[in-house]
Amino acid sequence: MFAALARLVSRYPRWVLTAWLVVAAAALPFTTRVGEVLNAQPDAPKQGNAALVRDKLATAFAASEESSMVAVAHGVRVHAGTPEYAAALDVVTAGIAAVDGVAYVRDYRSASGLKLLDEDDDFSVMLIGLETQDLSTAKAVTMNVRRVLDDSADLRFDLSGGPATIIELEQVSQRDARRAEIFGLPISLLILLVAFGAVVASLLPLLSAVTSIVVSLATLFFLGHLMEFAVFTETIVTMLGLATGIDYALLMVNRFREELRSTFDARKAAAQTAATAGKAVAFSGLTVIVALTALLVPPVAFIRSIGVGTMVVLCVSVLVAITAVPASLALLGHRVNWLRVSRREPGLRSRAFWRARAVHIMQRPWFWSITGVTALVLLALPALRMQVADPGARGLTTATDARRTLAALEDLGLEGLLNPFDVLIDFGQEGFYQPANVRKTSLLTQELRELPRIAGVTSPMALESIPRLFLYQYYATPEVALSSEIAPLARATISRDGRYALARLVPSGALTPSEGGEVYRGIQRALEDVGLKATIGGVYVQGTEWTHALYGSLPLALALVALFTAVLLGWAFRSLLIPIKAVLLNALTVGATFGVLTLVFQDGVFAKLFGVGEVLGYIDTSAPLFIFAIVFGLSMDYEVFMVARIREAHERGMSDHDAVATALSTTGGVITSAAAIMVTVFALLLPSHVELIRTLGLGLTVAIVLDATLVRLTLVPSVMTLAGRWNWWLPGPLARVADRRDRT
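Residues numbered from 1 in each chain as written. Predicted model: local features only at pLDDT ≥ 70, side-chain atom pairs only at ≥ 80, totals over all residues. Heavy atoms only, no water.

Q: What is the right way to read the overall build of the protein chain from this model?
A: Looking only at helices and strands, the protein chain features 25 helices and 13 strands. By the compact-globule yardstick of 27 Å for 744 residues, the protein chain fits well, its C-alpha radius of gyration being 30 Å. Seen along its three principal axes, the alpha-carbon backbone of the protein chain occupies a region of about 95 × 50 × 45 Å. Counting every position in the protein chain, which comprises 744 residues, the buried fraction comes to 59%. Of the contacts made within the protein chain by residues no fewer than 6 positions apart, 80% connect residues no fewer than 24 positions apart. Surface exposure of the protein chain reaches about 29,800 Å², of which carbon and sulfur atoms provide 61%. The centroid of the 63 positive side-chain charges in the protein chain is displaced by 15 Å from the centroid of its 63 negative side-chain charges. (Helix = DSSP H or I, 4+ residues; strand = E, 2+ residues; numbered from the N terminus. Rg over C-alpha atoms; globule rule 2.2 N^0.38 Å. Buried < 20%, exposed > 50% of the residue type's maximum accessible area, 1.4 Å probe, protein only. Contact = heavy atoms within 4.5 Å. Areas by Shrake-Rupley, 256 points an atom, 1.4 Å probe, with all protein chains shown as cover. Lys, Arg positive; Asp, Glu negative; His and termini not counted. Charge placed at Lys NZ, Arg CZ, Asp CG, Glu CD.)

Q: Is there a simple way to think about the sheet that holds strand β11 (residues 500–507) in this case?
A: Strand pairing in a sheet relies on backbone hydrogen bonds. The paired strands run either parallel or antiparallel. Read from one edge of the open sheet, four strands run β10-β11-β9-β12, paired in antiparallel fashion. Edge strands, defined here as strands with exactly one partner in the open sheet, are β10 (454–458) and β12 (534–537). Recorded for the sheet is a direction-independent mean angle of 20 degrees between the axes of neighbouring strands. Both strand β9 (residues 421–426) and β12 contribute to a ladder of four bridges, which runs antiparallel. Bridging from a neighbouring strand, L424 pairs with T535 of β12. Taken strand by strand, helix α3 (residues 49–60) contacts β9, β11 and β12, and its axis lies near 105 degrees from that of β12. (Pairing = 2+ DSSP bridges. Axes fitted to C-alpha atoms, helices over the stretch in contact; angles between N-to-C directions.)

Q: Quick question: what am I supposed to make of the pattern of salt bridges here?
A: Within the structure shown, the criterion is met by 17 salt bridges. Of the charged contacts, one joins R54 and D55 as a salt bridge, the two residues approaching to 3.9 Å between their closest N and O atoms. Connected through salt bridges with shared partners, the residues R146, D150, R156, D158, D401 and R404 form a single ionic network. (Salt bridge = Lys/Arg side-chain N within 4 Å of Asp/Glu carboxyl O.)

Q: Would you take a moment to explain the pairing of β9 for this structure?
A: Remember that side chains alternate between the two faces of the sheet whenever the strand is regular. Among the six residues of β9, five are classified as buried, and the element is accordingly described as predominantly covered. Of the pairings in the sheet, the one linking β9 to β11 comprises six bridges and is antiparallel in character. Counterpart to D422 in the pairing with β11 is R504.

Q: Where do I start with the confidence of the model for the protein chain in this structure?
A: The predicted structure's coordinates, where accompanied by low pLDDT, should not be read in detail. Averaged over the protein chain, the pLDDT score is 84; the fraction of residues at 70 or greater is 95%. Model confidence for the protein chain, summarised as mean pLDDT per element, is weakest for helix α25 (residues 732–743) at 61 and strongest for β9 at 94. (pLDDT = per-residue confidence, 0-100.)

Q: Would you mind showing me how to read helix α6 (residues 162–196) here?
A: Along an α-helix, residues three or four apart share an orientation, since each turn contains 3.6 residues. If you check α6, its first and last C-alpha atoms are 49 Å apart, about what 35 residues at 1.5 Å a residue would give, namely 51 Å. Looking one or two residues past α6, G197 carries a phi angle of roughly 70 degrees, positive in sign. (Expected span 1.5 Å × (residues − 1).)

Q: Sorry if this is basic, but what is going on with the side chain of S459 here?
A: As for its position among the elements, S459 is in the loop between β10 and α15 (468–474). Apart from the residues within four sequence positions on either side, S459 is in contact with T445, L489, T493, L502 and A503.

In structure tokens form, the structure reads like this:
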């Protein structure tokens, strides 16, 4: 297959490049629209209680609580609690209420059952509910609400929650992607100039990466009409597109220049490059995609959508590298070395260094093997106490509205307003408006208020300003309730048909998993005491179910990735030892990366050095799975690059010692340059305002540094030297199968 592909791209390079030019030009207009389909948020499985409660609130209640928001009104020309402040707030409230799609606006003067005013710190909190049919409509309404808030000269507002946070995360994600492009491309060019010593050769990988990103983002736009993609997909796709697009093209250009020096024929060199390096790139891409299938195993749409996005960009990067790049090289020929920046022959400057390095390692293989493994194990030890949790708004910096809103709620003791427990009470056919059920709801409200770690409760009976006897009278019938002064509360907490009632509990602060479990069990006991049936959901339960869904399937994901990767490597290299060695070393690299993340993000070691800011004391829930899948895959890139060259040398009759030395001398510089580019791209994620993206940035940076230095350039040569001829051993039955495959 690769021989046929090599003939195609070397004989018809203009047609190949024209095809890619047409595809890229057609894709370009849709690249800028990819944000329209990036809506998916971390969510619980659809079969969980949180999803059930959320769906009922969205369909059975007058106001969809899924689209509720929190606005913090800071005094600018007026002071909170004064008549002037109230008058300015009235103007804003009236403006928001007039926006089409707004269901309600409540402030500290409304019947909310919560303390929403802080005169000392000069702010108050507003609760805004949206009545919309879908997320796109909710986002449009939110933008209109934002314009009303921005028009106030006397007050300054922070807006968070629901669609407001989604919009902000989309903007942050777009800024992160642009930063990777703006800074990543020129820095990568400098690294390529050092590696190749020629401008033309250095520009080709950059063009390859840009093409990969453009086509990938356009593909996501069209796929987004079939499925939802996470808001961070654009950032991750851009990051991987830059890293893999440049790396794969780097390998192809490097191999082409080698072939050109020996054949002096551009078309033959391009064909040989596509047949050899192209095969390595394709196989490497396949191993990365296999690793990324780990993101498809958890039954969580948010994780799966990023998995699909990363697979798309990997496929496009490989296709560009094995077709467009050799076609370009076939046309360029010796002009690939134009505009040299060094007097020395490009591409040959580091070979002597890496051969000497290989010889040095192979002289003491036991020392380097033991030292390398020990270093990785020591780095991995802190990962044994790694804790994961969903940071919510805490996972954003104070440069975001969501984090500033959280700070204001903390001052009021209402941090839990963004992480409530929603108790959906089901009264069956009797409905809420039966006197006995109204009384039970009142008793339940009182018991829930007495639970530890609960700052407030919103329910049909959570009104301190109205005597309880009057409340019973108001709730005599639906008609009376909806025509009285408590109508806004009734619409928000009682379903249209009267079957369901909502009791929303606001924790007094951030809850640890054990504290959250105590609150959950307390709610269950209160329901049993008053004899009511309910489903418990809300943001906290959603986070718990999300974590269980994610890590419940993690062992299966890890096992499948390790198994399929080992099978692929064994099939490609006719070896039993090489895949086992590769999986074990990759596992050590991932473990060491987790250990470093635990030290930095959980313990705060060197946190300021890496610009982490606030130390949460745990790792973002989804970060370990993302890092495992991406690191395990990208590490295989270097494994395939190096072992493929070792096998080539071995098949040419070289001894194992000489094969390793030759492979390291030819790939050492390429791997180092590729790793430097990846580190540059991943490190550019560290300034992000999102904890998950910062964690990915540091984790991937550390992993690539360890893999490209300690593992591929030290452990792999030393271990393969120790293994000797056992590197290529297969059991008899497997060897016969491999022989039949080779003959075919």
